[in-house]
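Each chain, letter by letter, is given below.
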Amino acid sequence: MLKIKKNIILSSYTTFRIGGRAKYFFSAQNKKEIIQAVNWAKKKNLDFFILGGGSNILVSDSGFDGLVIRLDNKNYKVNGNIVSVEAGMPLNELVKISIDNNLSGLEWAVGIPGTIGGAICGNTGAFGHSISDFILSVEILKNKEIKILQKEDCSFSYRNSLFKNNRNIVILSAKFKLKKDNKKKSKEMLAKYLNQRKITQPVEPSAGCIFKNPFCTDLSKINKKLAPIKDNRISAGWLIEECGLKGYKIGQAQISKKHANFIINCGQAKAEDVIILISLTKQKVRDRFNIQLEEEIKYVGF
Ligand SMILES: Cc1cc2nc3c(=O)[nH]c(=O)nc-3n(C[C@H](O)[C@H](O)[C@H](O)COP(=O)(O)OP(=O)(O)OC[C@H]3O[C@@H](n4cnc5c(N)ncnc54)[C@H](O)[C@@H]3O)c2cc1C
């Protein structure tokens, strides 16, 4: 029997600390329970939502009228330089496990909240790396079938994947290929990356970067000498800052003074405050630069 809870407040399951109640909520500890929970929702004709660490989502104030399945499957196996890990494992724990086993590659991910499943779904990245750079294969559940997808079949691109817009696919586990290296070097890299985060990112509740860095197609209104452009993408934070929006507040939601691509929850922010702020930001950036920002975060229950 699955222990499915009712009317669970979702704000405490998100790093934004925003969101209403889930009609049903289940914390799945293993593959079998994930499959059972998905089948339970399908039988009842309910929508289901797979929740990882809740660090890249905005949940509506009215919550989610279906079953939220939170992944708490966290087993892993290290075999030489290959690490197999279940989707509910926190990304930070995988970084630690890798280094403990003298494996290098994921140091850049230290300090990024969330789970392996969430990171694969959004092809999480930082400091010029992406999680997909280290993936060999992904085990999924789709329409009652379990399949192994090779990396090439996952349609990974900048902050995107096959899974991001396909709520019917559940990531169950993944295999990573890392490099044998010495622990000391990895630990030095961790300290460097953590320090960089401390300097550039706010500590208040947030969902990380709200927008993707847009691809540069029309740069006619951009001062190319000043704009941070990398891999043909321009910093969304810079565009927002140039519009004078740093610190701008609606209700209890504020564009961070430290990093303009973060919206922070100053206390009791509502999802509605964030939505208005996002919409205003998009409009200002479009008017000023003729660039359409696209959300990196996912909306839940809207
Ligand atoms: C302070 C802070 C710093 C951050 N820094 C970065 C950064 O440097 N780089 C970066 O890319 N991101 C960053 N983020 C955003 C976020 O932490 C990452 O995108 C993270 O990988 C999301 O994982 P999650 O488990 O929290 O996903 P969630 O927010 O729980 O879910 C995100 C999406 O993934 C889906 N999902 C989750 N697990 C599964 C699964 N097993 N199967 C199928 N779908 C699934 C969900 O349904 C949802 O659509 C930051 C966030 C914060 C708050």
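It should be noted that the structure appears before, not after, this text.
So, here's what we can say about the structure.

1. A short note on the site of the ligand
Piece 1. Close to the ligand lie 34 residues, the nearest being Ile50, Gly53, Ser55, Thr115 and Gly125.
Piece 2. Between Gly52 and the ligand, the recorded distance is 2.8 Å, taken from a backbone N or O atom to an oxygen atom.
Piece 3. Contacts to the ligand include Ile171, whose backbone N or O atom sits 2.8 Å from a nitrogen atom.
Piece 4. Here the ligand has 970 Å² of accessible area as a free molecule, and 92% of this is covered by the chains.
Piece 5. Broken down by element, the shell around the ligand gets its largest block of residues, four residues, from helix α3 (residues 116–121).
Piece 6. Tallied by class, the residues present in the shell around the ligand amount to 15 nonpolar, 15 polar and four charged.

2. Some points on the pairing of strand β7 (residues 82–86)
Piece 1. Here four bridges tie strand β6 (residues 76–79) to β7, and the two strands are oriented antiparallel to one another. Of the residues in β7, the one forming a bridge with Asn79 is Ile82.
Piece 2. Between the end of β6 and the start of β7, which pair antiparallel, lie two residues, with Gly80 showing a positive phi angle near 65°.
Piece 3. Bridge analysis of β7 against strand β13 (residues 169–177) gives five bridges, and the strand direction is antiparallel. In the sheet register, Val83 faces β13, and the bridge partner there is Phe176.

3. So, the nonpolar core
Piece 1. The biggest cluster of nonpolar side chains holds 50 residues, and the ones touching the most others in it are Trp108, Ile120, Val138, Phe163 and Phe176.
Piece 2. A total of six residues in this core trace back to one element, the largest contributor, which is β13.
Piece 3. Both of domain 1 (5–71) and domain 2 (76–186) provide at least three residues apiece to this core.

4. Structural notes on the sheet that holds strand β1 (residues 5–9)
In sheet architecture, strand pairing relies on hydrogen bonds along the backbone and comes in two forms, parallel and antiparallel.
Piece 1. Taken in spatial order, the four strands line up as β1-β2-β5-β3 in an open sheet, and their pairing is mixed. Both edges of this open sheet fall to β1 and β3 (48–51), since each of them pairs with a single strand only. Going across the sheet, the axis of each strand differs from the next one's by a mean of 40°, ignoring polarity.
Piece 2. Pairing between strand β2 (residues 21–28) and strand β5 (residues 64–71): six bridges, direction parallel. By the bridge assignment, Ala22 is partnered in β5 with Phe64.

5. Re the pattern of salt bridges
Piece 1. As enumerated under the stated definition, the model contains 12 salt bridges in all.
Piece 2. Lys96 is the partner of Asp100 in a salt bridge, and the nearest nitrogen-oxygen pair spans 3.1 Å. Of the two residues, Asp100 and Lys96 are both situated in helix α2 (residues 91–100); the distance of four residues between them amounts to about one turn of the helix.
Piece 3. Classification of Asp100 as partly exposed rests on a relative accessible area of 38%.
Piece 4. Residues Glu296 and Arg159 are paired through a salt bridge, measuring 4.0 Å at the closest nitrogen-oxygen approach. With Glu296 in the loop between α6 (271–289) and β20 (298–300) and Arg159 in the loop between β12 (145–150) and β13, this pair connects stretches of sequence that are 137 residues apart.

Cut-off values and rules
- Residues numbered from 1 in each chain as written.
- Predicted model: local features only at pLDDT ≥ 70, side-chain atom pairs only at ≥ 80, totals over all residues.
- Heavy atoms only, no water.
- Near = heavy atom within 4 Å.
- Polar contact = N/O pair within 3.5 Å; in protein donor to acceptor, adjacent residues only side chain to side chain.
- Areas by Shrake-Rupley, 256 points an atom, 1.4 Å probe, with all protein chains shown as cover.
- Helix = DSSP H or I, 4+ residues; strand = E, 2+ residues; numbered from the N terminus.
- Nonpolar A, V, L, I, M, F, W, Y, C, P; charged D, E, K, R; others polar.
- Pairing = 2+ DSSP bridges.
- Core = buried A, V, L, I, M, F, W, Y, C linked by side-chain atoms within 4.5 Å.
- Buried < 20%, exposed > 50% of the residue type's maximum accessible area, 1.4 Å probe, protein only.
- Domains from an automatic or database assignment.
- Axes fitted to C-alpha atoms, helices over the stretch in contact; angles between N-to-C directions.
- Salt bridge = Lys/Arg side-chain N within 4 Å of Asp/Glu carboxyl O.

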